[in-house]
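Coordinate analysis (summary)
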Amino acid sequence: MTASRTARPRFGSGSHLIIDNCAIITGDGHSHFPLGYLEIKDGHISEIGSGRYEHAPPDEAILFDAQGAMTLPGVINAHAHGCMSGPLMPSGSISSRDHDIEYQKNRHLLGGTTTLLNVCGFSLSRSRAERTHPIDVRWTSAHTPASKAAALAVDGTGLLAEHLSASITTAIEQGAVGLGEGGGGQTLGGGAQDYKFIPAAILKHTGVSLDAHTAGRLKNMLFGRDLMGKDRAPWSDFVTLCEQLGLVETHDAHSIAAVMSSTVLPSVGKALKGLEELAHWSSKTGLPALLHTAAPSARAVVDLAQKYPEACLIAAHCNHPSFTPQESVQLATELKSLGVAIEACTLDTITTRWRNSADNLDALVNAGLVDILSTDYAGGHWDGLLEAIHRIVRLGQMAMAEAVALATGNVARLFPDFADRGQLTIGKRADVVIADSRNLGRVRHVLIGGKIVVRDGIVVG
Ligand SMILES: [Zn+2]
């Protein structure tokens, strides 16, 4: 190697790149080379080795000295929202604005995500007006009758005729790579009811603004954590809280309860039926189906795993805040024994810690139950996957190679369309993250298909 080449400070855009002097985690769950090199040709990994790159690089190759940084596969986030235009969330709400979509995609990419699955469920394909972006955004379908009815029961303002008339078959023809999200916090009385729909309904009815914590508290007092009365508070406690919040100065507590019932409950039965439609379609098509898993839907997900053993089911966010840590572990253990993949989500539990704590996530990780790690949305306050992986490693819950696989190799194994990525092995697409070896959450460079798309922390693709 020549002095001028090794001194080259930056990536070029050539099709033959050698990343030397790096630590490597391959994404298979156990391989971790403390010192190695990675060779990329025509967008794919062509060689991987331990130790320094000792050969004379070919003339056309660019040799990049990573100075001991960590290289790992580009992250695959199998559960995100708001990253493409079209109906937002399983509530079929009005589309996010273009610059909000751009911001979401930039946040994911700068955190090391190279492939992202937008699981809102009713979009059909990306709008032509949407700006091109280097992150590889894929999407899922929940175009089933009951899922549409659930969306319309809670919102549905983003559903156009084309979304309402589309079927799972249409969506797969147009490029959907998975099914879901079956149900959601909007349609199954979860977080989105707390931060969006309940506060809006109460504000309209009483003129009083509620924050998400308070809305969630009222909801749990009235309906219980599973919407079926589990740990429900006595009616007198609900009335007392309504009085403290100033909700009953002009209205009585029964009218507050009626408003909350008409906001939370009409979509629930329809959303549960929608879960079954997706399990059925998963068994028919072989595509993975992501099912919203929370206290109100937990039994339904178990029943479907028994009824459709040939379906590829992913139990979304088994660390949902409607569970206690013990319930999370019991449910995930039962689902895993039935062949269901266990997803945990960062939500806002890692650094934001606004509404949700990491207790359920920790319980699942410590019990060795998590198959894949995703972000979900958490009202837009989601925390990054590599931040979460750094935390898992620092807490000594997993070795780094095992933790990285939760958001790379393990996800690729579940989705047929991601078989070409998710590991740094010969022949795979060169989706590569170069990050601080002491803190994987600190991402410096990102390549997608061998092309540099984040350089020194700035999106350049
Ligand atoms: Zn979700």
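Criteria and cut-off values
Residues numbered from 1 in each chain as written. Predicted model: local features only at pLDDT ≥ 70, side-chain atom pairs only at ≥ 80, totals over all residues. Heavy atoms only, no water. Helix = DSSP H or I, 4+ residues; strand = E, 2+ residues; numbered from the N terminus. Buried < 20%, exposed > 50% of the residue type's maximum accessible area, 1.4 Å probe, protein only. Contact = heavy atoms within 4.5 Å. Domains from an automatic or database assignment. Pairing = 2+ DSSP bridges. Axes fitted to C-alpha atoms, helices over the stretch in contact; angles between N-to-C directions. UniProt positions renumbered as here; feature names shortened; annotations may be inferred. Salt bridge = Lys/Arg side-chain N within 4 Å of Asp/Glu carboxyl O.

1. What to know about the overall build of the protein chain
If you tally the helices and strands in the protein chain, you get 16 helices and 17 strands. Seen along its three principal axes, the alpha-carbon backbone of the protein chain occupies a region of about 80 × 45 × 40 Å. In the protein chain, buried positions account for 60% of the 461 residues. Here the contacts in the protein chain between residues at least 6 apart in sequence split such that 71% fall between residues at least 24 apart.

2. Section: the domain arrangement of the protein chain
Taken domain by domain, the protein chain comprises domain 1 (3–73 + 420–459), domain 2 (75–186 + 267–383) and domain 3 (191–264). One C-alpha centre belongs to domain 1, the other to domain 3; they are set 52 Å apart.

3. Remarks on the sheet that holds strand β7 (residues 113–118)
Strand order in the open sheet formed by eight strands is β6-β7-β8-β9-β10-β11-β12-β13, with parallel pairing between adjacent strands. For this open sheet the edge positions go to β6 (75–80) and β13 (372–374), each flanked by a neighbour on one side alone. Shown here is a sheet whose adjacent strand axes are inclined to one another by a mean of 30 degrees, direction ignored. Bridge count for β6 against β7 is four bridges, and the pairing is parallel. Within β7, the residue paired with N77 across the bridge is L116.

4. Some words on unusual backbone geometry
Residue E181 is bonded to the preceding G180 through a cis peptide linkage, with omega at -10 degrees. Secondary-structure assignment places E181 in strand β9 (residues 178–182). With a phi close to 65 degrees, N21 is a non-glycine residue in the positive phi region. The phi dihedral of D376 falls on the positive side, at around 55 degrees, and the residue is not glycine. Here D376 is to be found in the loop between β13 and α14 (385–394).

5. A short note on the UniProt feature "domain: Amidohydrolase-related" (unreviewed entry) in the protein chain
Per the UniProt annotation, the sites labelled "domain: Amidohydrolase-related" (unreviewed entry) are residues 309–453. Here residues 309–453 runs as 30% helix and 21% strand, with 41 Å between its end C-alpha atoms.

6. Topic: the environment of Q174
Residue position: Q174 is located in helix α5 (residues 168–174). Q174 sits 173 residues away from L347 along the chain, and the two C-alpha atoms are 29 Å apart.

7. With respect to the pattern of salt bridges
Under the defined criterion, the tally for this structure stands at 17 salt bridges. Across the pair K219 and D194 runs a salt bridge, and its minimum N-O distance is 2.8 Å. Of the two residues, K219 is situated in helix α7 (residues 212–223) and D194 in helix α6 (residues 191–206); the sequence distance between them amounts to 25 residues. Between R299 and E334 there is a salt bridge, with the nearest N and O atoms lying 3.3 Å from each other. Of the two residues, R299 is situated in helix α11 (residues 298–307) and E334 in helix α12 (residues 325–337); the sequence distance between them amounts to 35 residues. Owing to a relative accessible area of 47%, R299 belongs among the partly exposed residues under this scheme. Among the residues examined, E334 registers a relative accessible area of 29% and is labelled partly exposed. Linked through salt bridges whose partners overlap, the residues forming this network are D136, R138, D420, R421, R429 and D431.

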